[in-house]
Every structure is written in C-alpha cells, then in structure tokens.
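The primary structure of each chain is shown beneath.
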Amino acid sequence: AGAASAAPVLLLLVRHTDGMKGERYMLYSLKQKTSIPLGLAFGWIVNLAITLLSAIFVSILVAGERVGENLITPAAVITVMIASFLGAIMAAKRVGQRRLIICLASGVIYYLSLLCCTALFFDGKYEGLGAAALTIIGCSAVAGLLGLRQKGQKMKGLQKRYRV
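All chains use their own residue numbering, which begins from 1 and follows the written sequence. pLDDT decides what is reported in this predicted model: residues at 70 or higher carry local features, side-chain atom pairs at 80 or more are listed and counted, and totals for whole chains, interfaces and linings draw on all residues regardless. As a rule here, side-chain values come from all non-hydrogen atoms in the structure, and water together with hydrogens is ignored.

Participant: Any chance you could explain the packing of aromatic side chains here in plain terms?
Facilitator: By convention here, two paired aromatic rings are described through the distance between centres and the angle between planes. Between rings of Phe, Tyr and Trp, where Trp is taken as its six-membered ring, a pair exists when centres lie within 6.5 Å; planes separated by under 30 degrees are stacked, by over 60 edge-to-face, and by other angles tilted. Scanning the entire structure with this criterion turns up zero aromatic pairs. A ring is scored as having a charge over it whenever the NZ atom of a lysine or the CZ atom of an arginine sits within 6 Å of its centre and within 35 degrees of its normal. Geometry around phenylalanine 42 places arginine 94 over its ring, the cationic atom sitting 5.1 Å from the centre.

Listed below in structure tokens is the structure:
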C-alpha cells in the first residue's frame, strides 16, 4: 500500500514573558494562524527580504557589467511588484481572515517602510514615490482579490425568480 508522506513543517521557537509565570518558550508552526499584527510583521519581513535580495542580485549584475545601467529602473519596479504581491499573500495566509484588508494593510506598511528608507538614505528625494504607491497598493490589492474565494466554494449569484 502507499505510504503517507508528511510534508516538512517549519517551526519557530518564540520566547514569551509572563508577569507571574516568568519566561517560557513556545513552539509555533509557520502554517499556524496568528494574530493580525504578527501576520503583518511576517509579511513585512518577506517584503523587505525580497527587496534586499533582488537589490543585491541586480547590483551584482550591474557591477559585473552583465546588464546595462538602463535596466536598474525596470528591475526596481519588478522587484517592488513581486515583493508587495508575495508579502501580501504571506501576511494573509498567516492571519487567515479578512484577506483583502490584510493585503492592503501589508502594502501600506511596505510603502511606508520604503518611504522611511528614502528619507534616511536618499536625503528625502521623493521622486516617483506616487507611482510606487500605486504599484504597491495595486499589487497588494490583486493579491487580496485573487484568493477571496476558498477552494470548493461556488460563486453565489442572484437567485432566480420563478413566476408562480
């Protein structure tokens, strides 16, 4: 007979401090549903990790003269689109409810973090951040709208009216 194969489960060890009980450690599965702030924080970490890795990859390609400097802007736009989309999906999966609102909130948090990075590292040159805001919120909204229907759910249309 066929053997059941178990998928690997990633676990996260988190330290909790309680007032009366002291410190204790709890083991969480990354598939486990969490609260809204923790889910949004997880999505934000995914956003920033994708952005950082993509920036490193593009800078290596440009420094090695494998691609021209004219491809930096399209690469940045694609990076922002992918990061906002995947971060919103991860945040929504972690929370497990109110998918569209969570995805939009994840997009807003990502945009605010990019705005803060612009203020810190680029001396407040806010050129093109309006387009970035539309791109980030748009991709986050698409991520939220794509998964509104659960598997096996049928579309509820208008009820047919029959004459009697």
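Participant: What is the right way to look at the packing of helix H2 (residues 72-95) against helix H4 (residues 129-146) in this model?
Facilitator: Each axis is a line fitted through C-alpha atoms, taken for helices only over the stretch in contact, and angles between the N-to-C directions span 0 to 180 degrees. Where helices and strands are cited, they refer to DSSP runs of H or I of at least four residues and of E of at least two residues respectively, numbered from the N terminus. At a closest axis distance of 8 Å, the pairing of H2 and H4 adopts a crossing angle of 40 degrees. As the angle between them shows, H2 and H4 are arranged oblique. The hand of the H2/H4 crossing is right-handed. Residues Val80, Met81, Ser84, Phe85, Ala88 and Ile89 of H2 touch H4, and the partners they reach there are Thr135, Ile136, Cys139, Ser140, Val142, Ala143 and Leu146. When residues are sorted by character, Ala, Val, Leu, Ile, Met, Phe, Trp, Tyr, Cys and Pro go into the nonpolar class, Asp, Glu, Lys and Arg into the charged class, and all the rest, Gly among them, into the polar class. Within the contact of H2 with H4, the residues separate by chemical class into ten nonpolar, three polar and no charged. With respect to orientation, any angle under 35 degrees is reported as roughly parallel, any angle over 145 as roughly antiparallel, any angle of 65 to 115 as roughly perpendicular, and every other angle as oblique. Note on convention: near helix rotated counterclockwise from far helix by under a right angle means a left-handed crossing. Clockwise means right-handed. Any two residues whose heavy atoms approach within 4.5 Å at even a single point are treated as in contact.

Participant: I tried to follow the packing of H2 against helix H3 (residues 99-121) on my own but got confused; where do I start?
Facilitator: Helix-helix packing is characterised by the crossing angle of the two axes and by the distance between the axes. Packing of H2 against H3 leaves a shortest axis separation of 8 Å and a crossing angle of 135 degrees. Compared by their axis directions, H2 and H3 come out oblique. Between H2 and H3 lies a crossing of right-handed hand. Across from Val80, Ala83, Ser84, Gly87, Ala88, Ile89, Ala91, Ala92 and Val95 in H2, the residues of H3 making contact are Arg99, Ile102, Cys103, Ser106, Tyr110 and Leu114. Within the contact of H2 with H3, the residues separate by chemical class into eleven nonpolar, three polar and one charged.

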